[in-house]
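Observations on the three-dimensional arrangement
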Amino acid sequence: MSVYQIRKHAVLPPIVCRSDKEFLESMQRYIITETERLGCNEEGPADEYYIIYRNVFDKVIEHATAYKSILTSIKKEYDAFIETIKKSRRTAVCLHGKLKGLAAEPTALVYHRKRTIQLEAKMRIIENNSSKIQSQIHKIKQHKAEYDTKEAKYCSFSKDPSKPIPGMTVQESVNLDALTEYMKHLEDKYAEIKQAMLIKYVPAQRKAELDEEMIVLVKQRDAAENLNKKLRFSHQRLQIVSQALTSWIKSDMSIPFQDFVEQIQKTKCLQGDQGIVEELLEDDPHRAKEAEMTLHYIERFNELISLGEYEKAASYAANSPRRILRNIGTVNTFKAIGKIRGKPLPLLLFFEALFITSHAFRRPVDAALTLEGIKCGLSEKRLDLVINWVTQERLTFSEEAGDVICDYGEQDTYNKAKCLALAQIIYSECGLHKKALLCLCKQGQTHRVMEYIQQFVKDFTSDAVESLMIKDSFCSIEMWQEVASICLQNGFDKLSNDIMSILRSQAAVTEISAEDDAVNLMEHVFW
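Residues numbered from 1 in each chain as written. Predicted model: local features only at pLDDT ≥ 70, side-chain atom pairs only at ≥ 80, totals over all residues. Heavy atoms only, no water.

Comments concerning the overall build of the chain
Helix and strand content of the chain: 23 helices and zero strands. When burial is assessed residue by residue, the chain has 31% of its 527 residues classed as buried. Across the chain, the fraction of contacts at a sequence separation of at least 24, relative to all contacts at a separation of at least 6, is 63%. Total accessible area computed for the chain in this model is approximately 34700 Å², and 57% of it derives from carbon and sulfur atoms. (Helix = DSSP H or I, 4+ residues; strand = E, 2+ residues; numbered from the N terminus. Buried < 20%, exposed > 50% of the residue type's maximum accessible area, 1.4 Å probe, protein only. Contact = heavy atoms within 4.5 Å. Areas by Shrake-Rupley, 256 points an atom, 1.4 Å probe, with all protein chains shown as cover.)

A short note on the nonpolar core
Grouped together as the largest cluster of nonpolar side chains are 46 residues, with contacts concentrated most on Phe334, Phe350, Phe351, Leu354, Val386, Trp389 and Ile405. Listing elements by their share of this core, those giving two or more residues are helix 11 (286–307), helix 12 (310–318), helix 13 (328–337), helix 14 (346–356), helix 15 (367–379), helix 16 (383–392), helix 17 (399–411) and helix 18 (416–430). The greatest single-element share of this core, amounting to eight residues, is contributed by helix 14. Residues within four places of Val386 in sequence aside, it is in contact with Ile374, Gly377, Leu378, Ile405 and Leu422. Leu440, Ile477, Trp480 and Ile499 belong to the second-largest nonpolar core, a separate cluster that totals 25 residues. (Core = buried A, V, L, I, M, F, W, Y, C linked by side-chain atoms within 4.5 Å.)

A short note on the environment of Asp79
Within the fold, Asp79 resides in helix 4 (residues 68–103). Counting along the chain gives 29 residues from Asp79 to Tyr50, while the straight-line C-alpha distance between them is 9.3 Å. Other than its neighbours up to four places away in sequence, Asp79 contacts Tyr50 and Arg54.

Here we look at helix 13
Those residues of helix 13 lying buried are Thr330, Val331, Thr333, Phe334, Ala336 and Ile337. Directly after helix 13, the chain includes Gly338, whose backbone phi takes a positive value near 80 degrees.

Some points on the packing of helix 22 (residues 477–489) against helix 23 (residues 493–505)
At their nearest, the axes of helix 22 and helix 23 sit 7 Å apart, and the two run at 160 degrees to each other. One finds that helix 22 runs roughly antiparallel with respect to helix 23. When the axes of helix 22 and helix 23 are compared, the crossing they make is left-handed. Contacts from Ile477, Trp480, Gln481, Val483, Ala484, Cys487 and Leu488 of helix 22 reach helix 23 at Asp493, Leu495, Ser496, Ile499, Met500 and Leu503. Among the residues making up the contact of helix 22 with helix 23, the classes are represented as 10 nonpolar, two polar and one charged. (Axes fitted to C-alpha atoms, helices over the stretch in contact; angles between N-to-C directions. Parallel < 35°, antiparallel > 145°, perpendicular 65-115°, else oblique. Left-handed = near helix turned anticlockwise from the far one by under 90°. Nonpolar A, V, L, I, M, F, W, Y, C, P; charged D, E, K, R; others polar.)

A few points about the pattern of salt bridges
For the structure on display, the rule yields 12 salt bridges. Overlapping salt bridges bring together Asp58, Lys75 and Asp79 as one network. (Salt bridge = Lys/Arg side-chain N within 4 Å of Asp/Glu carboxyl O.)

Regarding unusual backbone geometry
Residue Lys381 is not a glycine yet carries a positive backbone phi of 60 degrees. In this structure, Lys381 sits in the loop between helix 15 and helix 16. Judged by its relative accessible area of 63%, Lys381 falls in the exposed class.

Considerations on the side chain of Thr333
With respect to the secondary-structure elements, Thr333 resides in helix 13. What Thr333 contacts, discounting residues up to four positions off in sequence, is Pro106 and Thr107.

What about the packing of aromatic side chains?
Within the structure shown, the criterion is met by six aromatic pairs. Between Phe334 and Phe350, the ring centres sit 5.3 Å apart and the planes meet at 20 degrees, which makes this aromatic pair stacked. A residue pair is termed long-range when its members are at least 10 positions apart, and Phe334 in helix 13 and Phe350 in helix 14 qualify at 16 residues. Across the pair, exposure class does not vary: Phe334 and Phe350 are buried alike. Geometrically, the ring pair formed by Phe355 and Trp389 is edge-to-face, given 4.7 Å between the ring centres and 70 degrees between the ring planes. In this pair, Phe355 is assigned in helix 14 and Trp389 in helix 16, connecting sequence segments 34 residues apart. (Phe/Tyr/Trp six-rings, centres within 6.5 Å; stacked < 30°, edge-to-face > 60°.)

Focus on a nonpolar patch on the surface
Where nonpolar side chains cluster on the molecular surface, the patch consists of Tyr67, Ile70 and Ile74 and spans about 310 Å² of accessible area. Within the secondary structure, Ile70 sits in helix 4. (Patch = residues over 30% accessible without salt bridge, like charges linked within 9 Å, V, L, I, M, F, W, Y side chains within 5 Å.)

Some details on helix 22
For helix 22, which comprises 13 residues, the first-to-last C-alpha distance of 18 Å matches the rise-based estimate of 18 Å (1.5 Å per residue) to within 8%. Residues of helix 22 that are buried include every one of Ile477, Trp480, Val483, Ala484, Ile486 and Cys487, and no others. Within two residues after helix 22, Gly491 carries a phi angle of roughly 90 degrees, on the positive side. (Expected span 1.5 Å × (residues − 1).)

What about the confidence of the model for the chain?
Looking at the chain, pLDDT values average 76 and 76% of them are 70 or higher. Per-element confidence in the chain is highest for helix 15, whose mean pLDDT is 91, and lowest for helix 10 (residues 274–280), whose mean pLDDT is 41. Throughout residues 1–12 the model reports pLDDT below 50, and contacts reaching past four residues in sequence, or to other chains, amount to 24 contacts. Contacts for the low-pLDDT stretch residues 269–285, under 50 throughout, to residues beyond four places or in other chains number 41 contacts. (pLDDT = per-residue confidence, 0-100.)

Here we look at the packing of helix 17 against helix 18
At a minimum axis distance of 8 Å, the contact between helix 17 and helix 18 shows a crossing angle of 170 degrees. The angle between the axes of helix 17 and helix 18 places the two elements in the roughly antiparallel class. The element helix 17 and its partner helix 18 pack so that their crossing is left-handed. Each of Glu399, Ala401, Gly402, Asp403, Ile405, Cys406, Tyr408, Gly409 and Glu410 in helix 17 lies in contact with helix 18, whose residues at this interface are Lys416, Cys419, Leu422, Ala423, Ile426, Tyr427 and Cys430. Residues of the contact of helix 17 with helix 18, tallied by class, amount to 10 nonpolar, two polar and four charged.

Spelled out as structure tokens, the structure:
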């Protein structure tokens, strides 16, 4: 019998003996007194109720000496069951930590792949530079060899004492002072050339030293990143423990601190999704098995991402149980992959699978995912997919989704009419009747405007119609006159009179002839 079952049977069955009856009444008063003293209610912490009823159980065993062995056996089973529940809680917490760690692996893998590509590009650049330097060194060696050959030939002739010294006359070549000065000039020139060689050229060994320094720095950076991750995790964990300790000190500290931390973990998670943590920390022992299944599902998804099977991964995530992968986190995972040459965009594959399976779930796709899916489809020029999603699938529309489609129609004039029709559907579903009417007016569907107004006439007042007409910069006065005429023909005399009154009340408005086709209702504002 669990704690919750004991609560339902708080009133014990009556016994004929008067002493037993008095004992049970005292036990009942004890239960009520302890419950009020600890501030418990029916939804209160299970551990406190367990302590109260365990004490009551002990007193019953001491009182009923005839049934002491039977009651003692029952109490042992009761304690064993409570211990099993606590153990399942600890197992669920452990599985949750492993679950969160595996859920973060796809993003880390994508980042590592990007970093690998960047380092490979840098290596190619360094290799190209190295080959250029090697070719330059080879050319320099060739020029030096040619120069040494020429110099050897020149020196062999210059040693001839019958030849004059280059740059000196015959008189200077026999003058000791002139020779000394010329020698000093040559020594200075040699020192200058040697200094220039040290500045303009670097030994080839320096490149190897720089490569070694770069490898050391990269290792230091990776170690610093790993240490940063560990410190951030420790910081978050210490914050949770600190908050729990502060709350425990402020309370009456009637329960052990470890049990208090377990209660805090029911509402707070160390990192990641709070909903999954709360599910894992429930008292049901079967949650542990469910957590293992969820963990296996996420591991399989990570494996598909790592293998590059993005189409299978998209379908796998869209059909995930309990919608665990149908969220913005999965969208960010596919966004991080980016485009792959010669293959469909992985993010678009995910949204196709997500929206196709929307009828298989009780709740439609939420507004955030719907908006992201529409943006993705339009960015890939797949208006056909967006049309099918909006008209056929179970989505949650929003004003932002309609605005995105309208903006796309302004850029793609060829499909502007289709975009306006889609936006009108979304605005109508969201109850944005003014924007829906504006889309119909932009398409020139005057009769549809009339039908729409007739359908939602309760939502439109004389002020709403005037505001719609004044803000409309697309419909001409003739079109509004046609709307007024249709209203009059269908029995909406008041609405027809309101429209005509608004047209006549505008400053500088005159009678419109059949030749003024291009006149706009707001034309006088811009003059």
